[in-house]
Every structure is written in structure tokens, then in C-alpha cells.
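Residue strings, one per chain:
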Amino acid sequence: MPGGKSVELDVQMMPNARSVVIRTQPEGVSVTVDGIAVGKTTAPEPGSVGVLMVEHLSLGEHTFVLSKSCFRSAVYEDIVTVDLTDYSPKVYRPMILEPARTRLKVLGAPDGASIEVDGKAVGIAPVEAIEACPGERTLQVAARGRIMWRSHETFPLDGALTVEVHPRPNAI
């Protein structure tokens, strides 16, 4: 073909990424994709499904990790593909995180003392058992406005933790 001539070409570009919509129950769930934090799901009103749009995710296999305090983390794997007839974001079904709890038993706290987990009162001694979120927590016992005992504990996932309180002698 001689130079200086124009040629009309019909070219179809193929996308190499796709947006996805992560939906969770409850809302406020932290989302990572392939080990990289991409945000938290948000809901238009309390109690509704949380939503997070992840823009331009590369095609191929991805691992999604969903986590929130007081809930079991969930891991999902999926292959992101492009639908050549529909370029809209891929919308996942709501991913439901199950609540996780630890049963805490506190022994040795003086009657009437406040039992606190991470600075929040959760019971008054004597108490049979307290449900709390698993993870690294600060447990303390306070009476008459003074902290009598404090400890950093690992509350097990769906397990029980028994703690023996030994108040400071000058705090009783």
C-alpha cells in the first residue's frame, strides 16, 4: 500500500480489569484483596448490607479476606473475568460473617467490683460468666473508683477463659 493513504480499521479493545462489588452482613467489614487493604463496607442504614466497590481489579484469581472485631474472619477465592457483553461490575452475593465470642469467667474479684474489658464495664462481681469478643484484650477489675487489678489477656475464639484476680493489697 502506498504511503499517504488512510486505512480504516475496525478495532475492538479488550478490557484487562473489572470492578467488583463486595457485599457483607454486617457492614463495617475490613476487606483485603491479595493481602492489600482496599477499604471497609458501608451501609446506607444500620442493619442493612454493607457494600464496597473495588475498582479496576486485574483479571485472574484473587483472594478476598473479610474481617471485623467480634466476628469470624472469612476468606473467599474467585477468578475475576470479563463478560464481553456486559462490562458492569461483578456483584457478589452478601458474604455473611458469623459472630465470635469468648466466655469469660473471673474468679477472686471482690463482691460489687466492676469487671471491665477494654475499658468498658461488662459485669459486676460476682458474675457467673461474661461473653466478650475474642482477641487481645485488657481486662481490669475496679472498685470504689480505683483499679484493683489489670491484665492483658488473649480471649480465645469461641472458647472459654478463666482468670484468677489477685487485687493489689492496698486497693481493697
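Basis of the calculations
- Residues numbered from 1 in each chain as written.
- Predicted model: local features only at pLDDT ≥ 70, side-chain atom pairs only at ≥ 80, totals over all residues.
- Heavy atoms only, no water.
- Helix = DSSP H or I, 4+ residues; strand = E, 2+ residues; numbered from the N terminus.
- Rg over C-alpha atoms; globule rule 2.2 N^0.38 Å.
- Buried < 20%, exposed > 50% of the residue type's maximum accessible area, 1.4 Å probe, protein only.
- Contact = heavy atoms within 4.5 Å.
- Areas by Shrake-Rupley, 256 points an atom, 1.4 Å probe, with all protein chains shown as cover.
- Core = buried A, V, L, I, M, F, W, Y, C linked by side-chain atoms within 4.5 Å.
- Salt bridge = Lys/Arg side-chain N within 4 Å of Asp/Glu carboxyl O.
- Pairing = 2+ DSSP bridges.
- Axes fitted to C-alpha atoms, helices over the stretch in contact; angles between N-to-C directions.

Caption draft 1: Seen up close, the overall build of the protein chain. Secondary structure summary: the protein chain contains zero helices and 15 strands in total. In terms of overall size, the protein chain is more extended than a compact globule, its C-alpha atoms giving a radius of gyration of 26 Å where 172 residues would be expected to give roughly 16 Å. When its C-alpha atoms are laid out on the principal axes, the protein chain stretches across 100 × 30 × 25 Å. By the burial criterion, 33% of the 172 residues in the protein chain qualify as buried. The contacts in the protein chain between residues at least 6 apart in sequence include a share of 56% that link residues at least 24 apart. With the model as given, the accessible surface of the protein chain reaches about 10700 Å², and the carbon-plus-sulfur share is 54%.

Caption draft 2: Seen up close, the nonpolar core. Counting 18 residues, the largest nonpolar core has Leu104, Leu139 and Val141 as the members making the most contacts within it. Within the residue set of this core, elements represented by two or more residues are strand 9 (102–107), strand 10 (114–117), strand 12 (130–132), strand 13 (135–143), strand 14 (146–155) and strand 15 (160–164). Contact partners of Leu104, with chain neighbours within four places excluded, come to Val117, Ala129, Ile130, Leu139, Phe155, Leu161 and Val163.

Caption draft 3: Region of the structure containing the environment of Gly35. Residue position: Gly35 is located in the loop between strand 2 (30–33) and strand 3 (36–40). Given the relative accessible area of 69%, Gly35 is considered exposed. Residues Gly35 and His166 lie 131 residues apart in sequence; the distance between their C-alpha atoms is 42 Å.

Caption draft 4: Representation of the pattern of salt bridges. Using the criterion set out here, one finds five salt bridges in the structure. Where Asp158 meets Arg72, a salt bridge forms, and the shortest distance between an N and an O atom there is 1.8 Å. With Asp158 in the loop between strand 14 and strand 15 and Arg72 in the loop between strand 5 (60–67) and strand 6 (74–80), this pair connects stretches of sequence that are 86 residues apart. Judged by relative accessible area, Asp158 falls into the partly exposed class, the value being 40%. For Arg103, the salt bridge identified is with Glu131, shortest N-O distance 4.0 Å. Of this pair, Arg103 sits in strand 9 while Glu131 sits in strand 12, placing them 28 residues apart in sequence. Taking the relative accessible area as the measure of exposure, Arg103 reaches 44% and is therefore partly exposed.

Caption draft 5: The arrangement of the pairing of strand 15 in detail. Only one face of strand 15 is buried, namely the one carrying Leu161 and Val163, since none of Ala160, Thr162 and Glu164 on the opposite face is buried. Note that strand 9 and strand 15 share five bridges and pair parallel. Of the residues in strand 15, the one forming a bridge with Lys105 is Thr162.

Caption draft 6: Representation of the sheet that holds strand 13. Here we have four strands laid out as an open sheet, ordered 11-10-13-14, and antiparallel in their pairing. The sheet is open, and its two borders are formed by strand 11 (120–124) and strand 14, each paired with just one other strand. Pairwise comparison of adjacent strand axes, ignoring direction, gives a mean angle of 25 degrees for this sheet. The pairing of strand 10 with strand 13 spans four bridges and is classified as antiparallel. Its bridge partner lying in strand 13, Ser114 is registered against Ala142.

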